[in-house]
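# Survey of secondary and tertiary structure
Spelled out from the first residue to the last, the chains are:
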Amino acid sequence: PPVVLRKVLENPAWYTAYTPYQPEISQGRLEALLNFQTAVSDLTALPVAGASLLDEGTAAAEAMTLMRRSVRGRPDAVLLVDADVFPQTLAVVRTRALPLGLPVVVAPLHDVDSPEALRAAAGDRDVFGVLVQYPGAGGQVHDWARLAEVAHEHGALVTAAADLLALTLLRPPGEWGADVAVGTSQRFGVPMGYGGPHAGYLAVRHGLERSMPGRLVGLSVDADGAPAHRLALQTREQHIRREKATSNICTAQVLLAVIASMYAVWHGPSGLAAIARRVHEYAGALAAGLAAGGVQVLTSTPFDTVSVRVPGRAHEIQAACGRAGVNIWRIDSDTVSISCDETTTEDDLRAVWGAFGVPAGSLTDRTE
């Protein structure tokens, strides 16, 4: 929104912002970050959220170490990652896990319905944490409630890497049993920036607050009894002994977190939900048009992304979409995925349909 662009992004008082360490002169920034925390907490249904991290991949890696610290014993337990987690997130998790000696196992988890099945997916090993994507990288929205129950029966914790815009419509992770939620706030008014980074978020259930990385803004009172914002939790290495720190790599993205929070305020809950419904309807129309043209659509319950099977033609389809001015993701030689967002138009959908060589559908061809 123009007011956020002009008053925040282009305002020198904001655009050099880092996490404020002098609360007496930083009340405005602290209030904006508290607003970011509140928006994340509301959308994830988890009661405590931090004042931003570097990006989604870093947040997922921080969630891995948080879960490892919080699950006592089981020295040889593994992190179990669903196969539909974003590849860039998995890459960061694996990179962070390697020097820590934390085993990472990737397996499809949507059919796991018992502790025995969970152990089997982990290669017959104990599990300290589970990481799932919500919605998945391929676009599918899974119900992870049963997996969360199974993980808790096993004594493991569950992290959901969740899309904040999707959470305006979907059941939030805190309601279906996730202990931690992570993700990016890029979709809340932040340009893509050639891939980022964008302000990451991390939220936890009660009982895990002391193991959170980064910083937590809270509301207290000053010497005169007036409301005062301050950093309520600082658990990184420059504040306490390095060996006691919850993280040594928990850089914040304060400016982008502030922009995301102001974007949420500008639109409000109903405005954000309206944006999400429009995105979902365009994805549904895209899928319906491709299916009507004989293309095999693999994503049965999408939010904004559909994956389709085009045997041997993925490179050809990707090139055709590129010539039409649309970027799509080539998963492998037989599969591509296409995502919609709030900037998607019907002309974009027609360009994609044309690249696939199918008759143009319309926005009346929707899936719910």
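As a reminder, the structure under discussion sits directly above these lines.
Here, residues in each chain are numbered from 1, in the same order as that chain's written sequence. It should be noted that, the model being predicted, local features are given only for residues of pLDDT at least 70 and side-chain atom pairs only at 80 or more, the latter also being counted only at that level, while totals for whole chains, interfaces and linings use all residues. Note that water and hydrogens are dropped before the side-chain values are worked out from all heavy atoms of the structure.

### Focus on the sheet that holds strand 13 (residues 335-339)
Picture the strands of a sheet paired through backbone hydrogen bonds; they go either parallel or antiparallel. Reading across the sheet, the 4 strands line up as 10-11-13-12 and stay open at both edges, with antiparallel pairing between neighbours. Every other strand in the sheet has two partners, leaving strand 10 (296-297) and strand 12 (329-332) as the edge strands with one partner each. Here a strand pair is declared whenever DSSP counts at least two bridges between the two strands. By the criteria applied, helices consist of DSSP H or I runs no shorter than four residues and strands consist of E runs no shorter than two, each listed in order from the N terminus. As judged from the 5 bridges shared by strand 11 (residues 305-309) and strand 13, these two strands associate in the antiparallel manner. When the sheet's bridge partners are listed, Ser 307 is paired in strand 13 with Ser 337. Here, residues are in contact when the closest pair of their heavy atoms is within 4.5 Å. Lines fitted to the C-alpha atoms define the axes, with helices restricted to the stretch that makes contact. Angles between their N-to-C directions range from 0 to 180 degrees. In the packing of helix 10 (residues 314-323) onto the sheet, the strands contacted are strand 12 and strand 13, and the crossing angle to strand 12 comes to about 175°.

### So, the packing of helix 10 against helix 11 (residues 346-356)
Contact pair helix 10 / helix 11: the axes reach a minimum separation of 9 Å and the direction vectors enclose 140°. The angle between helix 10 and helix 11 places the two elements in the oblique class. For the pair helix 10 and helix 11, the crossing hand works out as right-handed. In contact with Ile 317, Ala 320 and Cys 321 of helix 10, helix 11 contributes Val 352, Ala 355 and Phe 356. Looking at the contact of helix 10 with helix 11 residue by residue, the class counts come to 6 nonpolar, no polar and no charged. An angle below 35 degrees is read as roughly parallel, one above 145 as roughly antiparallel, one from 65 to 115 as roughly perpendicular, and any other as oblique. If you view the pair so one helix is near and one far, a crossing is left-handed when the near helix is turned anticlockwise from the far one by less than a right angle, and right-handed when it is turned clockwise. As a working rule, the residues Ala, Val, Leu, Ile, Met, Phe, Trp, Tyr, Cys and Pro are called nonpolar, Asp, Glu, Lys and Arg charged, and the rest polar, with Gly in that last group.

### Description of helix 9 (residues 254-292)
Helical periodicity: at 3.6 residues per turn, an α-helix aligns residues three or four positions apart in one direction. For a helix, the expected span equals 1.5 Å multiplied by the residue count minus one. Compared with an ideal rise of 1.5 Å per residue, which puts 39 residues at 57 Å, helix 9 spans 45 Å between its outermost C-alpha atoms and falls more than 12% short. The principal kink in helix 9, of about 95°, is found at Gly 268, preceding the proline Pro 269 by one to four residues. One or two steps after helix 9, the chain reaches Gly 294, where phi turns positive at roughly 90°. The bend reported for a residue corresponds to the angle between axes fitted to the seven residues ending at that residue and the seven starting there.

### Description of the pairing of strand 2 (residues 78-82)
Each residue gets one of three labels from its accessible area relative to the maximum for its type: buried under 20%, exposed over 50%, partly exposed in between, using a 1.4 Å probe on protein chains only. A large share of strand 2 lies buried, amounting to 5 of its 5 residues. Across 4 bridges, the pairing between strand 2 and strand 4 (residues 127-134) is parallel. Across the sheet, Leu 80 pairs through a bridge with Val 130, a residue of strand 4. With 4 bridges joining them, strand 2 and strand 3 (residues 104-107) adopt parallel strand pairing. Note that in strand 3 the partner of Asp 82 across the bridge is Ala 107. A crossover gets the label right-handed when its path from the first strand over the helix to the second runs clockwise, viewed with the strands pointing away from the viewer. Assessed by its sense of winding, the connection that carries the chain from strand 2 through helix 5 (residues 87-100) to strand 3 is right-handed.

### Topic: unusual backbone geometry
For the bond running from Tyr 134 to Pro 135, omega is -5°, close enough to zero to count as cis. With respect to the secondary-structure elements, Pro 135 resides in the loop between strand 4 and helix 7 (145-154). The residue Ser 52 is not glycine, and still its phi comes out positive at about 85°. Using a relative accessible area of 4% as the deciding quantity, one classes Ser 52 as buried. Not every positive phi belongs to a glycine, and Asp 124 is a case in point at roughly 60°. If you trace the backbone, Asp 124 turns up in the loop between helix 6 (115-121) and strand 4. Overall, the relative accessible area of 55% leaves Asp 124 in the exposed class.

### Some thoughts on the sheet that holds strand 5 (residues 157-162)
One open sheet holds the 7 strands; their spatial order is 1-7-6-5-4-2-3, and the pairing between them is mixed. At either margin of the open sheet sits one strand with a lone partner, and together these are strand 1 (48-49) and strand 3. Bridge analysis of strand 1 against strand 7 (residues 200-204) gives 2 bridges, and the strand direction is antiparallel. Across the sheet, the residue bridging to Ala 49 is Ala 203, located in strand 7. Along the sheet, helix 3 (residues 27-44) contacts strand 1, strand 6 (180-184) and strand 7; its crossing angle with strand 7, the most-contacted strand, is approximately 60°. Sheet strands touched by helix 4 (residues 56-70): strand 2, strand 4, strand 5, strand 6 and strand 7. Its angle to strand 6, the strand with the most contacts, is close to 165°.

### Topic: the environment of Pro 87
As for its position among the elements, Pro 87 is in helix 5. On the basis of relative accessibility, which here comes to 49%, the residue Pro 87 falls in the partly exposed class. Along the backbone, Pro 87 and Gly 57 are 30 residues apart, and their C-alpha atoms lie at a distance of 9.4 Å.

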